[in-house]
Amino acid sequence: MRISSFVSAASAVALASLAAADGDAEKPSDVINITQETFEATVNPEPLILVEFFAPWCGHCKALAPEYELAATSLKENNIKLAKVDCVDQAELCQTHDVHGYPTLKMFRKGEATEYGGPRKSDGIISYMIKQSLPAVSEVTAANLIEFQNADKMVVIAYVSSTSKAPAPEFSAVAEKHRDEYLFGITSDPQAIKAAGVSAPAVVVYRTFDTPATEYPYPVSSSKAEEFEDWLKELAIPILGEVNGDTYGVYVDSGRPLAYLFVDPSEEKSQTYIDALKPVASKYRGKVNFVWIDSTKFGDHAKALNLAEAKWPSFVIQNLDKQLKYPYDQSKDVEPAAVSAMVADYLDGKLVPKLKSEPVPATQDENVFVLVCEQFDEVVFDDSKDVFVEFYAPWCGHCKRLKPIWDSLADRFAGVKDRLVIAKMDATENDLPPSVPFRVGGFPTLKFKPAGSRDFIDYDGDRSLESLIAFVEEKSKNDVKPKVKAPEEETQATFAKPSEGHDEL
């Protein structure tokens, strides 16, 4: 596609919104419905087409539908088609394309599929698909310079004397790798370079946030692709931007702590709170990422960050690597000076994380030890014992299916509790202490800690009782194999009353 036909995402969304609001008459859908019989004929000829595999009952699919429709209407102007497949009616087709959840979105170029990695809102879909339709680096001229500079949230333009000499090759390598994230352009047009007010060679980033135009501060011709990448990643993070489902990944990839300001956007003063913290965010830029977050949409996330009250604004620092949380005292007003001092203490290692823990059980009535955060170090790092822990969530279906097997595993080794602990911990109600070198990313997570060690071994085998027993016996440092009972003891055990809590078997 030639750059002269480029339409900015913002303009496209505006056009789509106007079209949607134009009259009350029913309008045919601009999303193409595909079946097994029409798939190849529809998809294979297209240089670029986006296909949604959905189920009519899926809530996420229903939420996506109006956004997808808006994007389809807008992208017609760019000759980019959007299509959908009903996986209830077309189950075989969806199975052929390796669809395991809904909605699944895939891009096809001349019939070749790649995963769609873009947002799920109309403006994001439009922006993402337009980028995909363009070359990784688009040609910029004096005629379209202003339009291109403002075409997306973050635009990168290289001003060069020759498109074949440095920094063009390194710049193109970066563009190929990051075309999904940023919009790249290059120009050797003297009028465009003059209009931009730069001296070639130069690379400039144009953003819709923070400083509108930022020039690469190092020698351009001798810089490598990796150096350009690091610079772009730094500029992609606003001084204090909004974090949501579309932007969270950018902050995670940075590897830095995340400082959240929870605000209710419907309150008149919410922007005042955000603006007040921007100088603090600027002060610690590069060390801590500051964000604001919608407390009405993400109230559960506030609870997960150990903010006890639904009181806004509230502030909390999170160490993403260790999942440690440092909430600001909610009994106090969120003041910039106090926040700045808190961040300084955090960076100096003076802050103590607030750990969520259930109460220590008064008694342990089952063979499975009920573990809570408050007792974690004491129990798990007992050098005299091997410890096998299941981290679970009460709502997790896999965890529910594992429970009777885990109970049986503990029953199997009940006679060696002095040497082996089979434990479980509700990871939704208990944080992991700083001493733990891992984070729980899914449920159930099974970790084994051998006696005398501080290292954890992942269990990734099948979840049958036999496999779990074999694993425990192999990895334990202690002798945990049950002793063979004398015949008379065996007979007595046969007629013993079943232990309470397991008579359902």
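Details of the structure are given in the entry above.
Residues numbered from 1 in each chain as written. Predicted model: local features only at pLDDT ≥ 70, side-chain atom pairs only at ≥ 80, totals over all residues. Heavy atoms only, no water.

Visitor: Mind laying out the overall build of the protein, listing which residues take part and the relevant values?
Guide: Across its full length, the protein carries 17 helices and 20 strands. Pairs at least 24 apart in sequence give 71% of the contacts found in the protein among residues at least 6 apart. Summing over all exposed atoms, the protein offers an accessible surface of approximately 26500 Å²; the carbon and sulfur share of this is 51%. (Helix = DSSP H or I, 4+ residues; strand = E, 2+ residues; numbered from the N terminus. Contact = heavy atoms within 4.5 Å. Areas by Shrake-Rupley, 256 points an atom, 1.4 Å probe, with all protein chains shown as cover.)

Visitor: Tell me what's going on with helix 16 (residues 465-475), and back it up with residues and numbers.
Guide: Residues of helix 16 that are buried: Leu468, Ile469, Phe471 and Val472. Each buried residue of helix 16 lies within a common arc of 160° when the element is viewed along its axis, so the set occupies one face. For helix 16, the exposed residues lying more than 90 degrees away from the buried face are Glu466 and Glu474. (Buried < 20%, exposed > 50% of the residue type's maximum accessible area, 1.4 Å probe, protein only. Arc of directions from axis to C-beta.)

Visitor: Any chance you could break down the pattern of salt bridges for me, citing the residues and the numbers?
Guide: A complete count under the given rule lists 13 salt bridges for this structure. Here glutamate 115 ties to lysine 106 by a salt bridge, and the two come within 3.6 Å at their closest N and O atoms. In this structure, the salt-bridge partner of aspartate 458 is lysine 447, at a minimum N-O distance of 2.4 Å. In this pair, aspartate 458 sits in strand 20 (residues 457-458) while lysine 447 sits in strand 19 (residues 445-449), placing the two residues eleven residues apart along the sequence. For aspartate 458, a relative accessible area of 46% corresponds to the partly exposed category. (Salt bridge = Lys/Arg side-chain N within 4 Å of Asp/Glu carboxyl O.)

Visitor: Pulling in residues and values, what's your account of the state of the cysteines?
Guide: Summed over all chains, the structure comprises one disulfide. Linked covalently through their sulfurs, cysteine 87 and cysteine 94 form a disulfide whose S-S length is 2.0 Å. Every disulfide takes its handedness from the sign of the S-S torsion; for cysteine 87 and cysteine 94 that torsion is -90°, giving left-handed. According to the relative accessible area criterion, cysteine 87 is buried, its value standing at 5%. In this structure cysteine 94 comes out as buried when scored by relative accessible area, which is 3%. (Disulfide = S-S within 2.5 Å.)

Visitor: Describe the environment of lysine 403, with residues and values.
Guide: Locating lysine 403 in the fold gives a position in helix 15 (residues 397-412). Between the C-alpha atom of lysine 403 and that of glutamate 390, which follows or precedes it by 13 residues, the distance is 9.6 Å. Side-chain polar atoms of lysine 403 contact the side chain of aspartate 407, separated by 2.8 Å. (Polar contact = N/O pair within 3.5 Å; in protein donor to acceptor, adjacent residues only side chain to side chain.)

Visitor: Residues and numbers for helix 3 (residues 59-75), please.
Guide: Over its 17 residues, helix 3 extends 25 Å from the first C-alpha to the last, a length consistent with the 24 Å expected when each residue adds 1.5 Å. Bending of helix 3 peaks at approximately 35° at the position of alanine 65, with proline proline 66 no more than four residues after it. Here helix 3 has its buried residues at Cys61, Leu64, Glu67, Tyr68, Ala71, Ala72, Thr73, Ser74 and Leu75. (Expected span 1.5 Å × (residues − 1). Bend = angle between axes of the 7 residues up to and from the residue.)

Visitor: Now, about the sheet that holds strand 13 (residues 289-294): what can you tell me, with residues and values included?
Guide: Strand order across the open sheet formed by five strands is 11-13-12-14-15, with mixed pairing between neighbours. Edge positions in the open sheet fall to strand 11 (240-242) and strand 15 (324-327), since each of these has one partner strand only. The mean inter-strand angle of the sheet, taken between neighbouring strand axes irrespective of direction, is 30°. Docked against the sheet, helix 11 (residues 270-283) engages strand 11, strand 12 (258-263), strand 13 and strand 14 (314-319), running at close to 160° with respect to strand 12. Across the sheet, helix 13 (residues 336-347) lies against strand 13, strand 14 and strand 15, angled at about 15° from strand 14, the strand it touches most. (Pairing = 2+ DSSP bridges. Axes fitted to C-alpha atoms, helices over the stretch in contact; angles between N-to-C directions.)

Visitor: So what's going on with the nonpolar core? Residues and values would help.
Guide: Here is a general trend for soluble globular proteins: nonpolar side chains tend to be buried in one another's company. In this structure, Leu50, Tyr68, Leu82, Tyr116, Ile125, Met129 and Tyr159 are the most contacted members of the largest nonpolar core, which totals 32 residues. Put simply, the parts of the chain that give this core at least two residues each are helix 3, strand 4 (104-109), helix 5 (122-133), helix 6 (145-149), strand 7 (154-159) and strand 9 (202-207). Formed jointly, this core draws a minimum of three residues from each of two domains, domain 1 (32-132) and domain 2 (135-236). Setting aside residues up to four positions removed in sequence, methionine 129 forms contacts with Leu48, Ile49, Leu50, Leu75, Ile80, Met107 and Tyr116. (Core = buried A, V, L, I, M, F, W, Y, C linked by side-chain atoms within 4.5 Å. Domains from an automatic or database assignment.)

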